[in-house]
Protein chains: 2
Amino acid sequence: VPRVEYQPVRIASCQISLRVGEPDLNRAAAVAAVTEAASRGARIVVLPELTPSGYVFGDPAEALSLSEPADGPTAADWRNLAARHAIVIIGGFSELGEDGQLFNSAMLVDPSGVRAVYRKAHLWDAEADFFTPGDQPPPVIATSYGSIAMMICYDVEFPEWVRLPALARAELLAVPTNWPADVVPAGERPIVTANVQVAAFANRMFVAAACRCGDERGVGWTGGSVISGPDGYPVAGPASSSADAGGAQPELLLADCDLSLARNKSTSPRNDAHADRRPALYREATAD
Amino acid sequence: VPRVEYQPVRIASCQISLRVGEPDLNRAAAVAAVTEAASRGARIVVLPELTPSGYVFGDPAEALSLSEPADGPTAADWRNLAARHAIVIIGGFSELGEDGQLFNSAMLVDPSGVRAVYRKAHLWDAEADFFTPGDQPPPVIATSYGSIAMMICYDVEFPEWVRLPALARAELLAVPTNWPADVVPAGERPIVTANVQVAAFANRMFVAAACRCGDERGVGWTGGSVISGPDGYPVAGPASSSADAGGAQPELLLADCDLSLARNKSTSPRNDAHADRRPALYREATAD
């Protein structure tokens, strides 16, 4: 982790509409969203899970046809955008691994190229028909704008998983997501949005989640994208969601964040969100 | 865990006013609150942290003077109430241990007497001047109304700690708490309340938190007591809180809960909130 003192950086979370099976259209939608975010001053831009491919695959052959290696056309798009605008982009894609396996992955791209690829470790529902789960913790990448980790959708529902990059000093956790729409009681915020806030609160780090919209083969999306500060309260969003009459709509969230705040885990004169952990007492919970 | 099929049980969370240094008054307030809850059909009643003593001790001598053993006058009150109304009571008290040490504890009392005592493992701020931290995980107690665990206030901000009783098949986590008042942004729910909801969501169990009100030596309280269902949405509350113009006020939350729902961790045809954990990958997070 570089010890430079960062200036506040504008973070964008792009809640965009995508269509399964339309990778050219989806890549263009991502380019448009990133370009718009950059033009509005964003230097870190988060895109949804499986941005180029869409989500609701019909069968493994379709999933394969919509997958690409980590140095494929999506990486090329994002590398060009990152270099042109001096930005960092985090987004999801269906990764074709060197061994032919598919992974539900995210990549972090900066002006120097693809800095890291993360493979989703907790697969949701039918994803297991298409993807191999990852088995490596989220890397923490030192960028010009701060230390950034990424995980994907269902991953963030496992607070033990969120802890790993937080303990490894991530200042921002970027979460590309495709939350399937679920019933949200009247007057409530989607629990998946609150879960992002609490992931930030428990670790006193920033968390930026980008969900999507656009119905796909009968599946709708929660939306409710949010950028949470380290106190757990939104600094941007929540975006429109299935809690609203109109459902999730395209929306660009922007927030100026001093990521260095996430280095300070102090929560009272005598407390520290990480130092107060009692790992020896937690061991039982992680036994197989 | 008994395999009987429970009927829905009415759970009460009592957000009550207390005063430090007035144990007789506070015990009477607790008796009144439990009696009211029982008269309205509650069979499980949750009281705040440090109910008889109050919270803001001036010095260790005062803390000692307001402490009592686990078979003291508070236990006698609650045992009598539990037997009279056939109920379960969970509440906090300042425990004088057999070795003279003080613990910030909670007890679970049913008609047979004190079933378990839990000692807070994560101490907040000046509590460390008065209390020895506990070093045992929250017990899970089979009661007539379901399997219940308890933890206290700051404990619940450590999701690894919440996991332990959840994995041990607690259906309800009772959380006596004294959340010091903090600034809540306009339009937001207190993050400590959202944290309780997410503790329930992450583990698909019920969580009932009882905070307090009544300013004490310059310290106010968040309030925002809540009973969360296993989907993370409130089934009662949130109670009035420091997010409201009037602050936290006395309030009795009541909810009819089918605790057997918490035995089902299934979240999709292919997912299970506990079975989907990948403990081998989490080990790093719990290394000292």
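Note that the coordinates shown come from a computational prediction; the quantities given were computed from them, not determined experimentally.

Caption draft 1: Representation of the overall build of chain A in the model. When helices and strands are counted, chain A shows seven helices and 15 strands. If you line up chain A on its principal axes, its C-alpha atoms span 55 × 45 × 40 Å. The burial tally for chain A puts 60% of its 288 residues in the buried class. Nonlocal contacts in chain A, meaning residues at least 24 apart in sequence, comprise 69% of its contacts between residues at least 6 apart. Entry remark: accessible area of chain A is about 10000 Å², with carbon and sulfur atoms responsible for 49%. Of note, chain A has its 23 positive side-chain charges centred 9 Å away from the centre of its 35 negative side-chain charges.

Caption draft 2: Main features of the pattern of salt bridges. For the structure shown, the criterion picks out 32 salt bridges over all chains. A salt bridge links R27(A) to D24(A); its shortest N-O distance comes to 3.4 Å. You can see R27(A) and its partner D24(A) sitting in helix α1 (residues 23-39), three residues apart, about one turn around the helix. Relative accessible area serves as the criterion here: at 60%, D24(A) is assigned to the exposed category. Residues R263(B) and E171(B) are paired through a salt bridge, measuring 2.8 Å at the closest nitrogen-oxygen approach. With R263(B) in the loop between β13 (251-257) and β14 (266-268) and E171(B) in the loop between α5 (159-167) and β8 (172-176), this pair connects stretches of sequence that are 92 residues apart. Residue classification places R263(B) among the partly exposed positions, given a relative accessible area of 24%. Taking relative accessible area as the criterion, E171(B) reaches 1% and is therefore assigned buried. Members of the salt-bridge network, linked through shared partners, are D24(A), R27(A) and E68(A).

Caption draft 3: Fine view of empty space enclosed by the protein. Counted under the stated rule, the structure contains three cavities of 30 Å³ or more. Here the largest cavity defines a volume of roughly 190 Å³. What lines the largest cavity is a set of 19 residues, and nearest its centre among them are P159(A), V198(A), P159(B), N195(B) and V198(B). Looking at the lining of the largest cavity, the elements that each hand over two or more residues are α5 (159-167) and α6 (191-203) of chain A together with α5 and α6 (191-203) of chain B. The residue makeup of the lining of the largest cavity, split by class, is twelve nonpolar, four polar and three charged. As a volume, the second largest cavity reaches approximately 70 Å³. In this structure, the second largest cavity is lined by F201(A), A202(A), R204(A), T267(A), A273(A), W124(B), Y154(B), E157(B) and F158(B). In terms of residue class, the lining of the second largest cavity is built from six nonpolar, one polar and two charged.

Caption draft 4: Structural context of the packing of α1(A) against helix α3 (residues 73-85) of chain A. Residues and elements named next belong to chain A. The N-to-C vectors of α1 and α3 enclose an angle of 15 degrees; their axes lie 11 Å apart at closest approach. One way to sum up the angle between α1 and α3 is to call them roughly parallel. The handedness of the crossing between α1 and α3 comes out as right-handed. Counting all contacts with α1, which are made through R27, A30, V31, V34, T35 and A38, the residues of α3 involved are P73, T74, D77, W78, L81 and H85. Residue composition of the contact of α1 with α3, by class: seven nonpolar, three polar and two charged.

Caption draft 5: Region of interest: the relation of the copies chain A and chain B. With an RMSD of 0.0 Å, the fit of chain A onto chain B corresponds to turning through 180 degrees and sliding 0.0 Å along the axis. Accordingly, the operation relating the two chain copies is best matched by a two-fold axis.

Caption draft 6: Seen up close, the side chain of S225(A). Positionally, S225(A) belongs in the loop between β10 (212-213) and β11 (226-228). Among all residues touching S225(A), those that are not within four sequence positions of it are S13(A), Q15(A), W179(A), A209(A), A210(A), C211(A), G237(A), P238(A), A239(A) and L253(A).

Caption draft 7: Focus on the environment of D276(B). Positionally, D276(B) belongs in the loop between β15 (271-272) and α7 (279-286). For D276(B), a relative accessible area of 16% gives the class buried. Along the chain, D276(B) and K265(B) lie eleven residues apart, while their C-alpha atoms are 9.8 Å from each other. Apart from residues lying up to four places away in sequence, D276(B) is in contact with H122(A), Y154(A), F158(A), R270(B) and N271(B).

Caption draft 8: Layout of the sheet that holds strand β6 (residues 140-143) of chain B. Residue and element names in this part refer to chain B. Strand order in the open sheet formed by six strands is β6-β7-β8-β9-β11-β12, with mixed pairing between adjacent strands. With partners counted over all chains shown, the strands left at the sheet margins are β6 and β12 (234-236), one partner each. Each adjacent strand pair in this sheet contributes to an overall mean axis angle of 30 degrees, direction not counted. Set on the sheet, α6 makes contact with β9 (206-210), β11 (226-228) and β12; between it and β11 the angle comes to about 20 degrees.

Caption draft 9: Highlighting the confidence of the model for chain A. Residue and element names in this part refer to chain A. Summing up the model confidence of chain A, the mean pLDDT is 95 and the portion of residues at 70 or higher is 96%. Helix α7 (residues 279-286) is the least confidently modelled element of chain A, averaging 77 in pLDDT, while strand β9 (residues 206-210) averages 99, the highest of any element. Both confidence scores are given for the complex: pTM 0.97, ipTM 0.96.

Caption draft 10: Quick peek at the sheet that holds strand β8 (residues 172-176) of chain A. Residue and element names in this part refer to chain A. Spatial ordering of the open sheet is given by β6-β7-β8-β9-β11-β12, a layout of six strands whose pairing is mixed. The open sheet has two edge strands, β6 (140-143) and β12 (234-236), and neither has a second partner. Here the strands of the sheet are splayed against their neighbours by 30 degrees on average, with no regard to which way each runs. Relative to strand β7 (residues 146-150), β6 runs antiparallel, the two sharing four bridges. Its bridge partner being in β7, I141 is matched across the sheet by I148.

Calculation criteria
Residues numbered from 1 in each chain as written. Chains lettered and ligands numbered in written order. Predicted model: local features only at pLDDT ≥ 70, side-chain atom pairs only at ≥ 80, totals over all residues. Heavy atoms only, no water. Helix = DSSP H or I, 4+ residues; strand = E, 2+ residues; numbered from the N terminus. Buried < 20%, exposed > 50% of the residue type's maximum accessible area, 1.4 Å probe, protein only. Contact = heavy atoms within 4.5 Å. Areas by Shrake-Rupley, 256 points an atom, 1.4 Å probe, with all protein chains shown as cover. Lys, Arg positive; Asp, Glu negative; His and termini not counted. Charge placed at Lys NZ, Arg CZ, Asp CG, Glu CD. Salt bridge = Lys/Arg side-chain N within 4 Å of Asp/Glu carboxyl O. 1 Å grid on protein atoms, 1.4 Å probe; cavity = no way out; pocket = protein on both sides within 12 Å on 5 of 7 lines; lining within 4 Å. Points joined across faces, edges and corners; volume = space filled by probe spheres on them. Nonpolar A, V, L, I, M, F, W, Y, C, P; charged D, E, K, R; others polar. Axes fitted to C-alpha atoms, helices over the stretch in contact; angles between N-to-C directions. Parallel < 35°, antiparallel > 145°, perpendicular 65-115°, else oblique. Left-handed = near helix turned anticlockwise from the far one by under 90°. Least-squares fit on C-alpha atoms with pLDDT ≥ 70 in both. Pairing = 2+ DSSP bridges. pLDDT = per-residue confidence, 0-100.

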